[in-house]
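Working through the structure, step by step
For reference, the chains in residue letters:
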Amino acid sequence: MRYRSIGDVEVSAIGLGAMPLSIEGRPDRDRAIATIHAALDAGVTLIDTADSYHWHAGEIGHNEELIADALSIHSGSDAVLVATKGGRGRPGDGSWTVTGTPAHLRNACEGSLKRLGVDAIGLYQLHKPDANVPWAESVGAIKELADEGKIRLAGISNVSRAQILEARDILGETLVSVQNEHAPANLSHEPELALCTELGLAYLPWGPLRGIDGEFLAVAEELGVSPQRVCLAWLLAKSPSMIVIPGSTRPATIRDSAAAADLVLTAEMLARLP
């Protein structure tokens, strides 16, 4: 397993995006926990979650509780960085809401602390800018949580270059990561990736496997591996800041994804991919 840095923490270059274990179509509890354990056994030391990763109304924190339970019964859990998020909600009808008020973010963080069973959250991420709340106010709330020792490192998600720079001015070195959509089907955030690379911020792309096309299939066939593994290796090759967090609902899938950390694509192969 290859490793990269989030702030001063070294983590596996491939993490686990745990959202699919708790939203619509989620697996049963036994398979979900087996998937988390398979990730740890494969060398994964980063798990990405959020308080809003749940299916039904009244299930806030379902994914966080699932992760906490899985880690509590696995011997390798001490090395794991759990990254959670606050600022979004799910009413239970399939929709997503955004609430970036300082009061909401404080309450969300307190809830995540309890569900994860920790005194301080390793990486706490502002899930999405709220159009009705000044960005500086939302980010300022994250800074207060860091100053109080409730979070160790801070991240932001679904953001522009300007928002990254403003957040960095407010948070300083506490800001260590950015999480935007990045996949073959959506390369619109290349400017944000370039900025993160320049600033030394970790870049955690969500939805990394969307839009795998024929060239990925062709390279995969040449190498005798899955197209998904090729896609993840392609993303890692884009920048040393890239740390990929593919979702999974099966042990075999996350084991295959984790193997992408050690897959090296040739310059010729990379030239054929987007």
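Quick caveat: nothing in here was measured; it's all calculated off a predicted structure.

1. Section: the packing of helix α1 (residues 29-41) against helix α9 (residues 251-258)
Running from amino to carboxyl end, α1 crosses α9 at an angle of 20 degrees, the nearest separation of the two axes being 8 Å. When the axis of α1 is compared with that of α9, the two are roughly parallel. Viewed along their axes, α1 and α9 form a crossing whose handedness is right-handed. Where α1 approaches α9, its residues Arg 31, Ala 34, Thr 35, Ala 38 and Ala 39 are matched on the opposing element by Pro 251, Ile 254 and Arg 255. A class-by-class count of the residues in the contact of α1 with α9 yields five nonpolar, one polar and two charged.

2. Re the pairing of strand β8 (residues 121-126)
In terms of residue burial, β8 counts as a mostly covered element, since six of its six residues are buried. Bridge count between strand β5 (residues 81-86) and β8: four bridges; the pairing is parallel. Bridging from a neighbouring strand, Ala 83 pairs with Leu 123 of β8. Bridge analysis of β8 against strand β9 (residues 151-157) gives five bridges, and the strand direction is parallel. By the bridge assignment, Leu 126 is partnered in β9 with Ile 156. For the crossover from β8 across helix α4 (residues 135-147) to β9, the handedness is right-handed.

3. As for the pairing of β9
Among the seven residues in β9, six count as buried, and that is most of the element. Pairing between β9 and strand β10 (residues 175-179): four bridges, direction parallel. Following the sheet pairing, Ala 154 is matched in β10 by Leu 175. Between β9 and its parallel partner β10, the chain crosses via helix α5 (residues 161-171), and the hand of that crossover is right-handed.

4. Side note on the nonpolar core
If you look at the biggest cluster of nonpolar residues, it comprises 67 residues, and the most contacted ones within it are Ile 47, Ile 142, Ile 151, Ile 156 and Leu 265. Take this core: its biggest share by element is seven residues, from helix α8 (residues 227-238). With residues near it in sequence (within four places) discarded, Leu 265 still touches Val 219, Leu 223, Val 230, Ala 233, Trp 234, Leu 270 and Leu 273. If you look at the next biggest cluster of nonpolar residues, it comprises 12 residues, including Leu 81, Ala 202, Leu 204 and Ile 243.

5. Topic: the packing of aromatic side chains
The full count for this structure, using the stated rule, is two aromatic pairs. Their ring planes at 85 degrees and their centres at 6.3 Å tell us that Tyr 53 and Trp 96 sit as a pair that is edge-to-face. A residue pair is termed long-range when its members are at least 10 positions apart, and Tyr 53 in the loop between β4 (46-48) and α2 (62-72) and Trp 96 in the loop between β6 (88-89) and β7 (97-98) qualify at 43 residues. With centroids separated by 5.2 Å and ring planes inclined at 80 degrees, the aromatic side chains of Phe 216 and Trp 234 adopt a geometry described as edge-to-face. Of the two residues, Phe 216 sits in helix α7 (residues 214-223) while Trp 234 sits in helix α8, which places them 18 residues apart along the sequence. Given the relative accessible area of 2%, Trp 234 is considered buried.

6. Structural notes on the sheet that holds strand β3 (residues 16-17)
Read across the sheet, seven strands follow the order β3-β4-β5-β8-β9-β10-β11 without closing on themselves; strand pairing throughout is parallel. A single partner strand is all that each edge strand has here, and the edge strands are β3 and β11 (202-203). Bridge count between β4 and β5: three bridges; the pairing is parallel. Counted as the bridge partner of Ile 47 is Val 82 from β5.

Procedures and definitions
- Residues numbered from 1 in each chain as written.
- Predicted model: local features only at pLDDT ≥ 70, side-chain atom pairs only at ≥ 80, totals over all residues.
- Heavy atoms only, no water.
- Axes fitted to C-alpha atoms, helices over the stretch in contact; angles between N-to-C directions.
- Helix = DSSP H or I, 4+ residues; strand = E, 2+ residues; numbered from the N terminus.
- Parallel < 35°, antiparallel > 145°, perpendicular 65-115°, else oblique.
- Left-handed = near helix turned anticlockwise from the far one by under 90°.
- Contact = heavy atoms within 4.5 Å.
- Nonpolar A, V, L, I, M, F, W, Y, C, P; charged D, E, K, R; others polar.
- Buried < 20%, exposed > 50% of the residue type's maximum accessible area, 1.4 Å probe, protein only.
- Pairing = 2+ DSSP bridges.
- Right-handed = clockwise from strand over helix to strand, strands pointing away.
- Core = buried A, V, L, I, M, F, W, Y, C linked by side-chain atoms within 4.5 Å.
- Phe/Tyr/Trp six-rings, centres within 6.5 Å; stacked < 30°, edge-to-face > 60°.

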